[in-house]
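Residue strings, one per chain:
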Amino acid sequence: MKIRRTPAEITFDAANILLLGLIAFIMIYPMYYVFIVSISSGIHVLRGDVTFFPRQPTFEVYRTVLQNPDIHTGFRNTLLYTSVGTAINLIMTTLCAYPLSRKDFYGRKPLTFFFLLTMFISGGMIPLYLTVLDLGLINTMWAIVLPPAISTWNMLIMRSFFTNIPESLHESATIDGANDLQILSRIVLPLSKPVMATMLLFYAVAHWNSWFSAVIYLNQRARLPLQVFLRDIVITGVFGDQHELVGTAMDHFQVVATNYQYAVIIITVVPILLVYPFLQKHFTKGVMIGSIKG
């Protein structure tokens, strides 16, 4: 049976569609603009003719970017730091959140309060640098992945999620003779896919976008992540070893500096955007369930 809708309902839906469409346009257009500028002919970019559609599209700039050895080095390092760092984050966060979610864990409340303090009180950058220096981690991967090994906020979300798992499951597993690690690995984690996917996304994006720690702890160009090279190219205009290639393209106005900068931005952003579709179905559920109660 067809339900008749009132004029007020139709107006409300139309207003929602218009508002959400406007918000979507505001969020999508900047990235779309970066892409169409990167493939537009340099002469049109210099004139400011590019608005909604590319002008005389050319992918010459991407050929130039992909020939830059710094891009390959940075991409390889970023993949390494992101994969290893995210794995450490998930392991440390899980091992911290699970005991704090157990009501029979001795010292649960004092330890939770101790972790909460770290969200408001920090030792500062200089003590952290001296610690990393004394541990001999300067110019190594561990200087990038170990200091941010755990996020208190993410740990609290995961702790809340674990708290919502029925106590009867723990009791039945204990009666069957399972210890805490077996309960965690065989019962808790299989039921925690939404929050684990959410934490994976949070930590992976943070590592992928990180550049400040690399600037502080790394002084060998071969160890720098992609974001540092992106910063150099976009902000300082340093093109690495590509001056000859870029200059040749610029002579024909196929590629200008803006093309090159925007192309590097696209190459940097697209890989992490491809992760979202695979984790999106778990993302909202993981955050919402983890925020029901503390």
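In case you missed it, the structure is sitting above this.
From a predicted model like this one, the values you see are computed outputs, not experimental measurements.

Draft legend 1. Geometry of the overall build of the protein chain. In terms of regular secondary structure, the protein chain is built from 16 helices and zero strands. Counting across all 294 residues of the protein chain, residues that qualify as buried make up 38%. Contacts in the protein chain between residues at least 24 apart in sequence constitute 74% of all its contacts with a sequence separation of at least 6. Accessible area for the protein chain stands at about 17500 Å²; split by element, carbon and sulfur atoms hold 69% of it.

Draft legend 2. Here's a closer look at the pattern of salt bridges. According to the stated counting rule, one finds three salt bridges in the structure shown. The residue Asp70 makes a salt bridge to Arg221 at a minimum N-O spacing of 2.8 Å. Of the two residues, Asp70 sits in helix 4 (residues 69-101) while Arg221 sits in the loop between helix 12 (212-217) and helix 13 (226-236), which places them 151 residues apart along the sequence. Using a relative accessible area of 39% as the deciding quantity, one classes Arg221 as partly exposed. Taken together, the salt bridges that share partners define one network made up of Arg102, Asp104 and Glu167.

Draft legend 3. Examining the nonpolar core more closely. The biggest cluster of nonpolar side chains holds 20 residues, and the ones touching the most others in it are Tyr98, Met155, Met158, Phe162, Val188, Val195 and Met199. Among the elements of the structure, helix 4, helix 8 (152-163), helix 10 (180-188) and helix 11 (193-209) are those that each provide at least two residues to this core. Ranked by residue count, the leading element in this core is helix 8, at six residues. Apart from residues no more than four positions distant in its own chain, Val188 is found in contact with Tyr98, Phe162, Ile165, His170 and Ile183. Counting residues in hydrophobic clusters, the runner-up holds 15 residues, among them Ile39, Ile233, Ile265 and Ile266.

Draft legend 4. The arrangement of helix 10 in detail. All of the buried residues in helix 10 are Ile183, Leu184 and Val188. For helix 10, the angular spread of buried residues about the axis comes to 100°, placing them on one side. In this structure, helix 10 carries Leu181 and Arg186 as exposed residues pointing more than 90 degrees from its buried face. Among the structural elements, helix 4, helix 8 and helix 9 (167-175) are those in contact with the buried residues of helix 10. For helix 10, the side-chain oxygen to backbone nitrogen distance between the N-cap and Leu181 is 3.2 Å, and the N-cap itself is Asn179.

Draft legend 5. Local environment of the packing of aromatic side chains. Enumeration over the complete set of coordinates arrives at 10 aromatic pairs. Ring geometry for Tyr129 against Tyr217: centres 6.0 Å apart, planes inclined by 10°, an arrangement best described as stacked. A residue pair is termed long-range when its members are at least 10 positions apart, and Tyr129 in helix 6 (residues 125-134) and Tyr217 in helix 12 qualify at 88 residues. With a relative accessible area of 30%, Tyr129 lands in the partly exposed category. Ring geometry for Trp211 and Phe212: centres 5.8 Å apart, planes at 90°, overall edge-to-face. Taking the relative accessible area as the measure of exposure, Phe212 reaches 44% and is therefore partly exposed. Through successive ring pairs, a cluster of aromatic residues spans Phe25, Tyr29, Tyr32, Tyr33 and Phe52.

Draft legend 6. Quick peek at unusual backbone geometry. With a phi close to 65°, Asn139 is a non-glycine residue in the positive phi region. With respect to the element layout, Asn139 can be found in the loop between helix 6 and helix 7 (142-145). Judged by relative accessible area, Asn139 falls into the buried class, the value being 14%.

Draft legend 7. Fine view of the layout of surface pockets. The space that makes up the largest pocket amounts to roughly 900 Å³. Residue lining of the largest pocket: 29 residues in total, with Pro147, Pro148, Ala149, Ile150 and Ser151 positioned closest to the centre. Elements with a minimum of two residues in the lining of the largest pocket: helix 4, helix 5 (108-117), helix 6 and helix 11. Considering each element in turn, the lining of the largest pocket owes the most residues, four residues, to helix 6. Taken together, the residues that form the lining of the largest pocket break down as 18 nonpolar, 11 polar and no charged.

Conventions and cut-offs
- Going along each chain's sequence as written, the residues are numbered from 1 onward.
- Per-residue local features are limited, in this predicted model, to residues with pLDDT of at least 70; the limit for side-chain atom pairs, both in listing and counting, is 80 or more; totals at the level of whole chains, interfaces and linings are taken over all residues.
- The basis for every side-chain value is the complete set of heavy atoms in the structure, and neither hydrogens nor water enter the calculation.
- Numbering of helices and strands starts at the N terminus; helices are DSSP runs of H or I of at least 4 residues and strands are runs of E of at least 2.
- Exposure is judged per residue with a 1.4 Å probe applied to protein chains only, and the accessible area is read against the type maximum: over 50% gives exposed, under 20% gives buried, and values in between give partly exposed.
- Only heavy atoms enter the contact rule, under which two residues are in contact if any of them lie within 4.5 Å.
- In short, Shrake-Rupley with a 1.4 Å probe defines the accessible areas, and a residue's cover is counted only from the protein chains shown.
- When a carboxyl oxygen of Asp or Glu lies within 4 Å of a side-chain nitrogen of Lys or Arg, that pair is called a salt bridge.
- The nonpolar core is taken to be a set of buried Ala, Val, Leu, Ile, Met, Phe, Trp, Tyr and Cys residues, with the residues joined through side-chain atoms within 4.5 Å.
- Note that the arc is computed from the directions linking the helix axis to the C-beta atoms.
- For this analysis, a polar contact is any N or O atom pair within 3.5 Å, provided that within protein one partner can donate a hydrogen and the other can accept it, and provided that sequence-adjacent residues contribute only side-chain to side-chain pairs.
- Only the six-membered ring of Trp is used, alongside the rings of Phe and Tyr, when aromatic pairs are assigned; centres must lie within 6.5 Å, and planes under 30 degrees apart are stacked while those over 60 apart are edge-to-face, with the rest tilted.
- Buriedness of a pocket was judged along seven lines, with at least five required to meet protein on both sides within 12 Å; pockets are open sets of points on a 1 Å grid over the protein atoms alone, cavities are sets where a 1.4 Å probe fits but cannot get out, and lining residues have an atom within 4 Å of a point.
- Grid points are joined across faces, edges and corners, and a volume is the space filled by probe spheres set on the points.
- When residues are sorted by character, Ala, Val, Leu, Ile, Met, Phe, Trp, Tyr, Cys and Pro go into the nonpolar class, Asp, Glu, Lys and Arg into the charged class, and all the rest, Gly among them, into the polar class.

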